Structure formats: C-alpha cells, structure tokens
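Remarks on the overall topology
Here is what each chain is made of, one letter per residue.
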Amino acid sequence: MEENSHDRIGLIAGNGKFPLLVLDAARSKGMQVVVAAIREETFPEIEQHGAAAVHWLSLGELSKLIDTFQREGVTRAIMAGQVKHKQIFSAIKPDWRLAKLLLSLGTRNTDSLLGAIAKVLADEGILLENSTALLEPLLAKSGVLTKRQPTEQEKKNIEYGRAVAHRLAEYDIGQTVVIAESACVAVEAMEGTDATIERAGDIMRSLDGEASTLARVLTVVKIAKPAQDMRFDVPVIGVATIAAMKKAGATCLAVDAGRCLLLDGDAIIATAEDAGICVAAG
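Here the structure is a predicted model, which is why all the values come from computation and not from measurement.

What counts and how
Residues numbered from 1 in each chain as written. Predicted model: local features only at pLDDT ≥ 70, side-chain atom pairs only at ≥ 80, totals over all residues. Heavy atoms only, no water. Pairing = 2+ DSSP bridges. Helix = DSSP H or I, 4+ residues; strand = E, 2+ residues; numbered from the N terminus. Axes fitted to C-alpha atoms, helices over the stretch in contact; angles between N-to-C directions. Contact = heavy atoms within 4.5 Å. Core = buried A, V, L, I, M, F, W, Y, C linked by side-chain atoms within 4.5 Å. Buried < 20%, exposed > 50% of the residue type's maximum accessible area, 1.4 Å probe, protein only. Parallel < 35°, antiparallel > 145°, perpendicular 65-115°, else oblique. Nonpolar A, V, L, I, M, F, W, Y, C, P; charged D, E, K, R; others polar.

1. Observations regarding the sheet that holds strand 1 (residues 8-13)
Sheets are built from strands that pair by backbone hydrogen bonding, the pairs being arranged parallel or antiparallel. Strand order across the open sheet formed by five strands is 3-2-1-4-5, with parallel pairing between neighbours. Since the sheet does not close on itself, it has two edges, and those belong to strand 3 (53-57) and strand 5 (127-129), each with one partner. The average undirected angle you get between the axes of adjacent strands in this sheet is 30 degrees. The strands that helix 2 (residues 62-71) touches are strand 1, strand 2 (32-38), strand 3 and strand 4 (76-80); relative to strand 3, the one it contacts most, it runs at about 165 degrees.

Quick look at the structure:
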C-alpha cells in the first residue's frame, strides 16, 4: 500500500473494534477513509474517528454501497468487522443486486457470499484489499503467548482440535471448535466464536455427577481456513473471547500464527494471564 497523503480508501465496516482499528491505522498513514457503515452492525463511535465521510446503509443495500463509493471516488476498499452470518439470511431486505447475487450462489457460506460480493465490487471498479494489511502488528506471533505453557492434555486437545477444525473449515462451516479431553464438545456454525464457547460451557455444566468420564476443562481452537482469503472473514480474538472462556471454564486457547488478529493486543494476553488461561499460536 502506498503511503501517500492523497490515498483514498473505502472501509466497509461491520461490528466490533476491527473497523475502528483499521480506520485509525489508515489515517495514521495519511489516508482519507470513506466509511460505509452497516446500520445493523457498525458501532456508532465510528463517527468519532476522523473519517473523510461516513455513510450509513443497511445490510441489503449493495447497489447503494457501490453508488456511494463511486460517487466518493473510491477505487479500493477494505472489509473489516463481523457481519453476523445468520443476519444475512434472516434480518435483511436485499436490494435487486444482492437478491440476484444470493439466488446465484451454489452454497450459502461466508466465502461464497463475500467472494461474490468482492467480484461484483471489482466489476464496478472497486478492488477489495487484505483486511489485515494495516494491522500486521496485531497478527498472532508464533509460540506460547502467555507465561503458562499448555499442559500435556491441552496439547492433545489442540492437536485434535486443529484436525477437526481444519476439516470443518474446508466446508466453511466455522473456524472454532471446543475440545475436552480429545472429545469435541462444540462446533461453530452461524452463531460466532463467543456463543460457541458459551454453549460448550453449558454442555459441560449439564454433565451430572462426579463419575463422568469426560474432564470438565475445555480447550478452544480457532483456525484460519485452509485457503483463507485475507480480504474478509479473518479470524479475530478479543478480550470478550477470553471472558467467554473464563465463564465457560476453558483454560487454553489455540490460534493460527500470522492469520489471527488479536484485536485488543497486549490486553488479551494480560486478561488471559489473570484468568490462568494459556494462549498459544502455531
């Protein structure tokens, strides 16, 4: 990316801190940022981060998104922040362009949908760039990131969890699995990482009696897809994920080095240390 003060870039902003961090990073490099903020998802505080312009539109308004960027002279853009998968297929009223795109999809997973949107944007002269390009310092470094090393059982859970998660990710079902003693307790689908962890905690609490053969301690494994498109749906972890793990009784988190964003930076590791949670990237 050129660090030119006349650079102009579009930001399609979903929920969470990710788009705010991208906006701040782009501005620090002298870029003018035109934000397309999704009414159903984007944090209102995006208005306070010094964008050249913030345009609010609903999730189904693909034509309005294109028209807005073209009117603003945007020819490249970044997509950052989650859009809840279930929302795409339930809570929106698609315009004619998005409706046509949805009908054309062979499968309705994240990659096929966002890949199709990226193609439509490219056809209109708007190229999507890697969403992590401005935030590389926040990508997980390889190794154990906390002082506590994983236990032998946690290592076994990570190995098994990675094998399961990679097979699921081939079908773009989800990126997170929760493991207890090499048994798969919960698999992410449309609900998102934190909800998956919460569900795993509920399942473990529902196992009655001390005679259960399954250990209650949980390991969370979150991976990138085998052919991860870094333009969208990049794995993201925040302090809220650590809080969900603590509540669920999870003691270890494993992520992919170089392909998972630690959105809260050092605060994630500090929070994990306080909770006795091991964080490892491999």
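Moving on from the model shown.
2. Quick look at the nonpolar core
Phe-69 and Leu-101 are the most contacted members of the largest nonpolar core, which has 27 residues in total. For this core, the elements supplying multiple residues, two or more each, are strand 2, helix 2, strand 4, helix 4 (96-104) and helix 5 (110-123). With sequence-adjacent residues up to four places away left out, Leu-101 is seen in contact with Leu-62, Leu-113, Ala-116, Ile-117 and Val-120. In this structure, Ala-200, Val-220, Ala-248 and Cys-260 belong to the second largest nonpolar core, which totals 26 residues.

3. Notes on the packing of helix 2 against helix 4
Helix 4 packs onto helix 2 with a crossing angle of 120 degrees between their chain directions and a minimal axis gap of 6 Å. By the angle between their directions, the pair helix 2 and helix 4 is classed as oblique. Between helix 2, through Leu-62, Ser-63 and Ile-66, and helix 4, the contact on the second element is made entirely by Trp-96, Arg-97, Leu-98 and Leu-101. The residue inventory of the contact of helix 2 with helix 4, partitioned by class, reads five nonpolar, one polar and one charged.

Geometry only, nothing functional implied.
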